[in-house]
Amino acid sequence: MPLVDRQLREVWDALRAQQAQRSNVLRAVRIRRLRGIRDLRVPFNYPVCVLAGPNGCGKSTVLFSCASAYRDPARGPREFVPTSLFPNFIDPGGQGVSDAVDATELEFDYVHEGSAYAMAWRRGKSWNRSFLGRKGGRQPERSVYLRTLANLTNPSEVRGLLQLARKPFETREIGADLLVFAHRILPREYRRLSLIRSGLRDLLFAEVAAGPTAGYSEFHMSSGERAVLRISQDISSLGGALVLVDEVEAGLHPYTQQQTMLELQRLALRRELQIVVASHSPVVLDSVPPEARIFLDRATESGDVVLAPAYRDIFQKALYGQSQDRLSILCEDEAAEALIRGVLDVLNPRLDLRHDDFVVGRNTGQAEFPGHVRTLGKFGRLRDFVMVLDGDSRTVEAAIRSAAEVHGAQVSPLFLPGEGSPEDWTWSVLGQRSDDYAGELGLAPAELKRRMAEIDRITEGGVQRGDRAKASLAALAGELDRQPAEVIRRVGAGEAERRRSDMAVFLLEFQEEIEAWRRRMN
């Protein structure tokens, strides 16, 4: 494992452990009737979260809403309030060009000073705070940092900054403690970094440490250098703050993006920061754990902004361009993946394929598959996916086909062998064909039958029917010092090798899907 990947996993574990001990956390924001968002709740389940999704899905709206959750004691009373963050154009002349104003609500779920807390901003004729029935409630106080990392290219911005030299200005040197973050990311060291300020405008000025003294202002910095230095000097001294950054990858090389996210998480750990960034970068997404990846999208039918499940690494890779040379297989759970991989153990040598030619996504319920088809269809990625459902999920087939037809595509989901779950099918095969699999499990056929009969007797009365096969298979795997997925994979490979009954049907259909994908790739 590369060093940076190992470092990321170490900081992930440390932040997960710290999360439960923090006394001030914004746990979720709920947005109603604002900028095309009808009703959206966004949870923050990890101290450093990444908002992702296509343009126009509300990422910046979520960030700005979060900024209004707290009163920052170091800022003016109107700086981070909905009136300032979400202004409206009102035409006094009645020419019909005023912004439509809805009865907007921004509702916040906090841990504040160690206790659960809630507050809402509500807009009628004006914006007002509500404490949801709590008498004497006050808006929680916390330092808040909000920044959009745009390039310094806007002509009016440049002209305004150039005026700094024509008026009296002050120069403040940025201390070395504020540059630790930047030095760990950027390839150069700075002898001195200063901030030139006049009124509300400021400009960075740097002197590099290597070679002859060379000074240059922000006008001569790359956009990536400028972004990292700005973040470094702004947040390195904050403690316990809420940090919100839009387009965090702006101007950064992919390697620098990864280093930036590593250092942001290290800083979050040291200073107990809560950080939410918006990004289009798959590198940024990969730099936080799955529970920290928040995918937003607009539903095809209603146009509503929706929160996509956070489990779908497979979607992230498909929609952000990391799986273009792989066939993506979407299934329901770990047991289904094990059965599919057992079949691939047999097919790969026959078709001259490798396991890394495929990426398997799982942990999705059968009812969610039509929505997945709509999302992938919107991005034109259905041809790169095979949908594989459990044998008891045939009732959603019509909905999947209809969802694909909206995008002019045909999707025929495959169904794993059996009429129930993969565990149910595996248990049944082991019972019927114990002579074939007992040796592979390290038992005599009679002993395998005896153990299965004993487990059936134990689970018959104490486990619901739908969970009985899962419990039985787990018990048998435990006795054999194996994982249930290992047993399922072995049985799946064995039945595929022998091309038996319902497995033969799935094997043929699966092979046809793989061969069709290979033809499209050539």
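Here the structure is a predicted model, which is why all the values come from computation and not from measurement.

Conventions used here
Residues numbered from 1 in each chain as written. Predicted model: local features only at pLDDT ≥ 70, side-chain atom pairs only at ≥ 80, totals over all residues. Heavy atoms only, no water. Axes fitted to C-alpha atoms, helices over the stretch in contact; angles between N-to-C directions. Helix = DSSP H or I, 4+ residues; strand = E, 2+ residues; numbered from the N terminus. Parallel < 35°, antiparallel > 145°, perpendicular 65-115°, else oblique. Left-handed = near helix turned anticlockwise from the far one by under 90°. Contact = heavy atoms within 4.5 Å. Nonpolar A, V, L, I, M, F, W, Y, C, P; charged D, E, K, R; others polar. Buried < 20%, exposed > 50% of the residue type's maximum accessible area, 1.4 Å probe, protein only. 1 Å grid on protein atoms, 1.4 Å probe; cavity = no way out; pocket = protein on both sides within 12 Å on 5 of 7 lines; lining within 4 Å. Points joined across faces, edges and corners; volume = space filled by probe spheres on them. Pairing = 2+ DSSP bridges. Salt bridge = Lys/Arg side-chain N within 4 Å of Asp/Glu carboxyl O. Patch = residues over 30% accessible without salt bridge, like charges linked within 9 Å, V, L, I, M, F, W, Y side chains within 5 Å. Areas by Shrake-Rupley, 256 points an atom, 1.4 Å probe, with all protein chains shown as cover. Lys, Arg positive; Asp, Glu negative; His and termini not counted. Charge placed at Lys NZ, Arg CZ, Asp CG, Glu CD. Core = buried A, V, L, I, M, F, W, Y, C linked by side-chain atoms within 4.5 Å. Phe/Tyr/Trp six-rings, centres within 6.5 Å; stacked < 30°, edge-to-face > 60°. Lys NZ or Arg CZ within 6 Å of the ring centre and 35° of its normal.

**A look at the packing of helix α10 (residues 334–351) against helix α17 (residues 484–498)**
With their axes 7 Å apart at the nearest point, α10 and α17 run at an angle of 40 degrees to one another. Put simply, α10 runs oblique to α17. Along this stretch, α10 crosses α17, giving a crossing that reads as right-handed. Facing α10, whose interface residues are Glu-334, Ala-335, Ala-338, Leu-339, Arg-341, Gly-342, Val-343, Asp-345, Val-346 and Arg-350, α17 presents Ala-485, Ile-488, Arg-489, Gly-492, Ala-493, Ala-496 and Glu-497. Classifying every residue of the contact of α10 with α17 gives nine nonpolar, two polar and six charged.

**With respect to unusual backbone geometry**
Not every positive phi belongs to a glycine, and Arg-33 is a case in point at roughly 55 degrees. Within the secondary structure, Arg-33 is located in strand β1 (residues 25–34). The partly exposed category is assigned to Arg-33, whose relative accessible area is 34%. Positive phi, close to 55 degrees, is recorded for Asp-481, a residue that is not glycine. The topology assignment puts Asp-481 in the loop between α16 (465–479) and α17. Residue classification places Asp-481 among the exposed residues on the basis of a relative accessible area of 72%.

**Quick look at the layout of surface pockets**
When its volume is computed, the second largest pocket comes out at roughly 340 Å³. For the second largest pocket, the lining is made up of 10 residues, of which Arg-75, Glu-79, Tyr-145, Leu-146 and Arg-147 are closest to its centre. No other element matches strand β7 (residues 144–148), which puts four residues into the lining of the second largest pocket. Looking at side-chain class alone, the lining of the second largest pocket contains four nonpolar, one polar and five charged residues.

**So, helix α2 (residues 59–67)**
In terms of burial, α2 is a largely internal element, seven of the nine residues being buried. Inspection of α2 places Lys-59, Thr-61, Val-62, Leu-63, Ser-65, Cys-66 and Ala-67 among the buried residues, and these make up the whole buried set.

**A closer look at the packing of helix α11 (residues 369–378) against helix α12 (residues 397–405)**
Following both chains from N to C, one finds α11 and α12 inclined at 15 degrees, their axes separated by 8 Å at the closest point. Considered as vectors, α11 and α12 are oriented roughly parallel to each other. Of the two elements, α11 crosses α12, and the hand of that crossing is right-handed. Residues Phe-369, Pro-370, Val-373 and Arg-374 of α11 lie in contact with α12, whose contacting residues are Ala-399, Ile-400, Ala-403 and Ala-404.

**Quick notes on the sheet that holds strand β9 (residues 190–198)**
The antiparallel open sheet is built from four strands, whose spatial order is β8-β9-β10-β11. Edge strands, defined here as strands with exactly one partner in the open sheet, are β8 (170–173) and β11 (215–217). The average angle at which neighbouring strand axes cross in this sheet is 25 degrees, direction not considered. As defined by bridge partners, β8 adjoins β9 across four bridges and the pair is classed as antiparallel. Looking across to β9, one finds that Glu-170 is bridged to Arg-197.

**Quick notes on the pattern of salt bridges**
If charged atoms from side chains of opposite charge come close, those side chains can pair. All chains considered together, the criterion is met by 29 salt bridges. Measuring nitrogen to oxygen at the nearest pair gives 3.8 Å for the salt bridge that ties Asp-39 to Arg-32. A residue is classified by how much of its surface remains accessible, and Arg-32, at 16% relative accessible area, is buried. One salt bridge connects Arg-401 with Glu-397, and the closest N-O pair in it is separated by 3.1 Å. Residue Arg-401 and its partner Glu-397 are located together in helix α12, separated by four residues, close to a single helical turn. Judged by its relative accessible area of 23%, Glu-397 is partly exposed. Each of Arg-30, Arg-32, Arg-33, Asp-39, Glu-105 and Glu-107 takes part in a single network of salt bridges with overlapping partners.

**Considerations on the environment of Gly-420**
Assignment of secondary structure puts Gly-420 in the loop between β19 (414–415) and α13 (422–432). Aside from chain neighbours lying at most four places away, what touches Gly-420 is Asp-390, Gly-391 and Asp-392.

**Focus: the pairing of β9**
Here β9 pairs with strand β10 (residues 201–208) via eight bridges, running antiparallel. Across the sheet, the residue bridging to Arg-192 is Glu-207, located in β10.

**A closer look at a negative patch on the surface**
Taken together, the side chains of Asp-392, Glu-419, Asp-424 and Asp-502 define an acidic patch exposed on the protein surface. Here Asp-502 shows up in helix α18 (residues 501–521).

**Examining the environment of Arg-499**
In this fold, Arg-499 is placed in the loop between α17 and α18. Residue Arg-499 is classed as partly exposed on the basis of its relative accessible area, which comes to 45%. If near-sequence neighbours (up to four positions away) are discounted, Arg-499 is found in contact with Arg-350, Ala-504, Leu-507 and Gln-511.

**Let's talk about the nonpolar core**
Core analysis: the largest hydrophobic core is formed by 85 residues, its most contacted members being Phe-44 and Val-62. Those residues in contact with Phe-44 that sit more than four places away from it in its chain are Gln-19, Leu-26, Arg-27, Ala-28, Val-29, Cys-49, Val-62, Cys-66, Gln-274, Val-276 and Ile-294.

**Describing the packing of aromatic side chains**
In this structure the tally under the stated criterion is six aromatic pairs. Measuring from centroid to centroid gives 6.4 Å for Phe-64 and Phe-86, while their planes differ by 50 degrees, and the two rings are tilted. Of the two residues, Phe-64 is situated in helix α2 and Phe-86 in the loop between α3 (82–85) and β4 (105–112); the sequence distance between them amounts to 22 residues. The buried category is assigned to Phe-86, whose relative accessible area is 3%. Summarising the aromatic geometry, the rings of Phe-506 and Phe-510 are spaced 5.4 Å apart at their centres and angled 25 degrees between planes, so their arrangement reads as stacked. Linking Phe-506 with Phe-510, this pair stays in helix α18, spanning four residues, or about one helical turn. When sorted by exposure, Phe-506 lands in the same class as Phe-510, which is buried. An aromatic cluster of three or more residues is present, and its members are Tyr-70, Phe-108, Tyr-110 and Tyr-117. The cationic tip of Arg-498 hangs over the ring face of Tyr-437; the distance from NZ or CZ to the ring centre is 5.2 Å.

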